[in-house]
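# Structural characterization, general
The chain contents come next:
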Amino acid sequence: MAAPPPSSPSPPPAAAAAATQQTQPHPQTPFYELVKGNSGIEKVLLRGTRGFSAEVYLYGAQVTSWKNDHAEELLFVSSKAIFKPPKAIRGGIPICFPQFGTHGNLEQHGFARNRLWTIDDNPPPLPVNPAIKSFVDLILRPSDEDLKIWPHSFEFRLRVALGPNGDLSLTSRIRNTNTDGRSFSYTFAYHTYFSVSDISEVRVEGLETMDYLDNLKGKERFTEQGDAIVFESEIDKVYLAAPSKIAIIDHEKKRTFVLTKEGLPDAVVWNPWDKKAKAMQDFGDGEYKHMLCVEPAAVEKPITLKPGEEWKGRLALSAVPSSYCSGQLDPLKVLQG
Ligand SMILES: O=P(O)(O)OC[C@H]1O[C@@H](O)[C@H](O)[C@@H](O)[C@@H]1O
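Below is a summary of the structure that appears in this document. Source: prediction; values computed, not measured. Once a new chain begins, its residue numbering starts again from 1 and follows that chain's sequence as written. Only residues with pLDDT of 70 or above have their local features reported here, since the model is predicted, and side-chain atom pairs are shown and tallied only from 80 upward, although totals for entire chains, interfaces and linings are computed over all residues. Hydrogen atoms and water are omitted, and side-chain values are computed over all heavy atoms in the structure.

### Details of the packing of aromatic side chains
For this analysis, a ring pair means two rings from Phe, Tyr or Trp (six-membered ring only for Trp) whose centres lie within 6.5 Å, classed as stacked if their planes differ by under 30 degrees, edge-to-face if by over 60, and tilted for the remaining angles. The full count for this structure, using the stated rule, is 22 aromatic pairs. Aromatic pair Trp66 and Phe257: ring centres 6.2 Å apart, planes at 45°, arrangement tilted. Placement of the pair is Trp66 in strand 4 (residues 62-67) and Phe257 in strand 18 (residues 255-262), with a sequence separation of 191 residues. By the burial criterion, Trp66 is buried, and Phe257 matches it. Each ring, one from Phe97 and one from Tyr186, has its centre 5.1 Å from the other, and the planes form 70°; the classification is edge-to-face. A run of H or I in DSSP becomes a helix once it reaches four residues, and a run of E becomes a strand once it reaches two; helices and strands are each numbered from the N terminus. Buried residues are those whose accessible area, probed at 1.4 Å on protein chains only, stays under 20% of the maximum for their type, while exposed residues exceed 50% and partly exposed ones sit between those limits.

### As for the pattern of salt bridges
Salt bridges, as used here, are contacts in which a Lys or Arg side-chain nitrogen is within 4 Å of a carboxyl oxygen on Asp or Glu. Under the criterion given, the structure shown has 18 salt bridges. The salt bridge involving Arg47 is made with Glu33; its shortest N-O contact spans 3.9 Å. Placement of the pair is Arg47 in strand 2 (residues 42-47) and Glu33 in strand 1 (residues 33-36), with a sequence separation of 14 residues. Residues participating in the shared-partner salt-bridge network are Asp120, Arg141, Glu155 and Arg157.

### Here we look at the site of the ligand
Whether a residue is near a molecule or strand is decided by its heavy atoms; if any one of them lies within 4 Å of it, the residue is near. Around the ligand, the neighbouring residues are Arg90, Phe100, Gln108, His109, Arg113, His191, Asn215, Asp236, Val268, Trp270 and Glu295. One of the side-chain N or O atoms of Arg90 is found 3.0 Å from an oxygen atom in the ligand. The separation between an oxygen atom of the ligand and a polar side-chain atom of Arg113 is 2.9 Å. The protein chains shown are the only cover counted for residues, whose accessible areas, like all others here, come from Shrake-Rupley with a 1.4 Å probe. Coverage of the ligand by the protein chains reaches 82% of its 390 Å² of free accessible surface. Judged by the proximity of its atoms to the pocket grid, the ligand belongs to the largest pocket. Class assignment of the residues belonging to the shell around the ligand gives a composition of three nonpolar, four polar and four charged. Residues adjacent in sequence count toward polar contacts only when both atoms are side-chain atoms; beyond that, a polar contact is any pair of N or O atoms within 3.5 Å, and within protein one must be able to donate a hydrogen and the other to accept it. A pocket, in this scheme, is an open set of points on a 1 Å grid over the protein atoms alone with protein on both sides within 12 Å along at least 5 of 7 lines, while a cavity is a set where a 1.4 Å probe fits but cannot get out; residues line either one if an atom lies within 4 Å of a point. For a molecule to be placed in a cavity or pocket, more than half of its atoms must lie within 2 Å of the grid points of that cavity or pocket. Polarity classes work like this: nonpolar for Ala, Val, Leu, Ile, Met, Phe, Trp, Tyr, Cys and Pro, charged for Asp, Glu, Lys and Arg, and polar for all others, with Gly in that last group.

Pasting the structure below:
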């Protein structure tokens, strides 16, 4: 379903004003295409200017592709990913809601990532950059089965937008629609899998000196020491109160990913490394070398919403050439370009 291009017939003068209103693209008019993806599941294609593109599966509202103007894939999706329930798709940007990881009694990472979302063609207005022409709004409401495992009524709206410079943004709006007066609490993450040339050539800046919970050590709290984060073995850490900008610098590709997060205090960093990779059915043995998850999240302090309240959490991603000399620049200057 592609949004119609603005047409320009010559209506009679009296009808001209009304016709213009109907045919001019409103800034909120979504420009996307709906096509069949793997396993026959529908996916949304977003196409930006200069060849930028992104894909979003209705299954999990999961972004599975984000390409730059050279058609290079910027996100990692496993060659063994399974595109059907009940598994979440291994790669892209799964959404963890209403639980991150094992921080609660639900299945790992909650159920939003393995539910079928629908397109919301009439979402409540969201302030939008008028330069953004390619976006889609998706919505998830709980089914009767979901209400049995998490007895709360909610509306989860996700907007995925492709900016004029190829930036990708995800805006989540979660509303408590309980009619019995009850609040609910949840944890959340954008479980973003970045594609990297070689994990040993990658560093993450912005998280140094942060406190973190180490999932490999029973969620014990530690403080990161020293410089930027580099990778030599399995990592599974939840950095607490992380800055709003984090950079992933891929030296071999000469590419820097810049993540900007709002409403999401924490950031999870995960790479399974060789042993865990082998144990995962939907992940290739050597694929850990070519991916890194950096996941803007709200983990340590769950978010609580009273009935009628809405929360917003946003992630913006950009991929820029790194004109970066290791250790010689202030990371903040790198982040600000
Ligand atoms: O295999 P899953 O459920 O997608 O989870 C993958 C990983 O996701 C990370 O976010 C968690 O911190 C890890 O503990 C977990 O192993």
